[in-house]
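Spelled out from the first residue to the last, the chains are:
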Amino acid sequence: MIKKNYLLAPGPTPVPSEILLEGARETIHHRTPQFVKILEETLNELKYLFQTEHRVYTLLSSGTGALEAAVTNLLNPGDKAIIVEAGKFGERWREIAERFNVNVVSIKLEWGEAVTPEQIKEAIEKHPDAKAVFTTYSETSTGTVIDLEGIAKVTRDTDVVLVTDAVSALLAEPLKMDEWGVDVVVSGSQKGVMLPPGLAFIALNDKAWKLVENCKNSNYYFNLKAYAKKYPDNPWTPGVNLIYMLRKAIQMVKEEGIENVWERHRILADATRAAVKAMGLELFSKRPGNVATAVKVPEGVDGNKLTKIMRDKYGVTIAGGQEHVKGKIFRISTLGYLSIFDTIVGISALEFVLNELGYKVEFGTGVKAAQEVLFKEVNK
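Residues numbered from 1 in each chain as written. Predicted model: local features only at pLDDT ≥ 70, side-chain atom pairs only at ≥ 80, totals over all residues. Heavy atoms only, no water.

1. Quick look at the overall build of the protein chain
Each helix and strand counted, the protein chain has 14 helices and 14 strands in total. A compact globule built from 380 residues would reach a C-alpha radius of gyration of about 21 Å, and the protein chain, at 21 Å, matches this within 12%. With respect to the principal axes defined by its C-alpha atoms, the protein chain has extents near 60 × 55 × 40 Å. A separation threshold of at least 6 residues defines the contact pool for the protein chain, and within that pool the share at least 24 residues apart is 73%. Carbon and sulfur atoms form 50% of the exposed surface of the protein chain, whose accessible area is close to 16200 Å². Averaging the coordinates of the 47 positive side-chain charges in the protein chain and doing the same for the 48 negative ones gives two points 3 Å apart. (Helix = DSSP H or I, 4+ residues; strand = E, 2+ residues; numbered from the N terminus. Rg over C-alpha atoms; globule rule 2.2 N^0.38 Å. Contact = heavy atoms within 4.5 Å. Areas by Shrake-Rupley, 256 points an atom, 1.4 Å probe, with all protein chains shown as cover. Lys, Arg positive; Asp, Glu negative; His and termini not counted. Charge placed at Lys NZ, Arg CZ, Asp CG, Glu CD.)

2. Structural notes on the sheet that holds strand 9 (residues 184-188)
Judged by pairing direction, the sheet is mixed, and its seven strands sit side by side in the order 2-10-9-8-5-3-4 without closing on themselves. Two strands bound the open sheet, and with one partner strand each, they are strand 2 (56-60) and strand 4 (103-108). Recorded for the sheet is a direction-independent mean angle of 20 degrees between the axes of neighbouring strands. Alignment of strand 8 (residues 161-165) against strand 9, held across three bridges, turns out to be parallel. In the strand pairing of strand 9, Val 163 is matched with Val 184. Each of strand 2, strand 9 and strand 10 (199-204) touches helix 2 (residues 33-50); the most contacted strand, strand 2, lies at about 105 degrees to it. (Pairing = 2+ DSSP bridges. Axes fitted to C-alpha atoms, helices over the stretch in contact; angles between N-to-C directions.)

3. Concerning the side chain of Arg 331
In this structure, Arg 331 sits in strand 14 (residues 329-333). Buried Arg 331, no salt bridge; nearest opposite-charge side chain is Glu 139, N-O distance 7.1 Å. Separated by 2.8 Å, the side chain of Arg 331 and the backbone oxygen of Gly 320 make a polar contact. Those residues within four positions of Arg 331 in sequence are excluded, and the remaining contacts are Leu 8, Pro 10, Thr 140, Ser 141, Ala 292, Thr 293, Ala 294, Ile 318, Ala 319, Gly 320 and Gln 322. (Buried < 20%, exposed > 50% of the residue type's maximum accessible area, 1.4 Å probe, protein only. Salt bridge = Lys/Arg side-chain N within 4 Å of Asp/Glu carboxyl O. Polar contact = N/O pair within 3.5 Å; in protein donor to acceptor, adjacent residues only side chain to side chain.)

4. Comments concerning the domain arrangement of the protein chain
Entries for the protein chain in the domain assignment read domain 1 (4-10 + 256-377) and domain 2 (16-254). Computed from C-alpha atoms alone, the centre-to-centre distance between domain 1 and domain 2 is 28 Å. Facing 26 residues of domain 1, the contacting portion of domain 2 comprises 33 residues. Taking both partners together, domain 1 and domain 2 bury about 2500 Å²; carbon and sulfur atoms supply 59% of that area. For the pair domain 1 and domain 2, the number of links is one salt bridge. Between Glu 323 and Lys 88 there is a salt bridge, and its shortest N-O distance comes to 2.5 Å. (Domains from an automatic or database assignment. Buried area = accessible area lost by both parts, 1.4 Å probe.)

5. Considering a nonpolar patch on the surface
A surface patch of nonpolar side chains, about 320 Å² in accessible area, is lined by Leu 60, Tyr 220 and Tyr 221. With respect to the helices and strands, Tyr 221 occurs in the loop between helix 8 (206-213) and helix 9 (224-230). (Patch = residues over 30% accessible without salt bridge, like charges linked within 9 Å, V, L, I, M, F, W, Y side chains within 5 Å.)

6. A few points about the UniProt feature "binding site: substrate" (unreviewed entry) in the protein chain
Per the UniProt record, "binding site: substrate" (unreviewed entry) is found at Arg 331. With relative accessibility at 6%, the residue Arg 331 sits in the buried group. Among the polar contacts listed, one links the side chain of Arg 331 to the backbone oxygen of Thr 140, at a separation of 2.8 Å. (UniProt positions renumbered as here; feature names shortened; annotations may be inferred.)

This is the structure we're talking about:
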């Protein structure tokens, strides 16, 4: 039997053929006027994804490179930073900061919980010498999204710089950097932007750039002063063909309209949540978002087998849990280049596997619930 593969994990996500074909174009030299013009045009268009008028820099790395760039360009050793830890990627902020001798104050929450603006306000009042707050807009490990707009209202009239990891949230969740007053946004290419892995992005406003100017940290490759000096060119070799692909991805987003892209992600996430609830499953996140739906593995089911059978037997790749929730949750992505029928296929495969592993659910239960949501939304 022919088996098609469906990528429903929260990164890497499917890449449209139109974007893949851009990557097959001839590689030209990165220091030529022709390429610098392409790069300049692409960087200007990239601002649309962040909803900012400030510069967005591209780094040839995974999203973690942009996280490191944010820490090492904003803070000197000994500077104090407030870091929200409510999942794997919040913990990554802390690990990077500690590596560079930042004085870390952690807001530690249970996985699946979302930090509130009130908790951020309390932490800032308790630590008035903190220079930055590091948050994770969508905690991919738990499927949780925070109230970033509300948090920005707390920080925007203070001297504290608000930094957010939007590696998975960019384009999946509404994000208005300038309007909300978010000072630094970092992201990556392999999620909502619909590219292969390889590019990271970092956007900073004027408030954040003042910290950059006073930063003495000994970074080299991720030194944003070097990027600013060469802008729109790149101080190091850029990903030439990835830039071609990025330009096409931005064009596709603009054609759809960013509000429509946000809404598409919401609809797929709502349909997925309706499906898993209809099957008697329990959501893991207390504040679920549009990137991925995290679901508790039902009692008596091997969570590791569930994701393996989905992938190897039925061709549907979803994600399992990480760290202490490994085998206890699974995550179904609604991120990037996905349609309503990709979501239906994923739910259908989940019904197959649950029955195979002894959790009996009537076939079509989840699919019907998802279809009802999708049909209603499509026909508004």
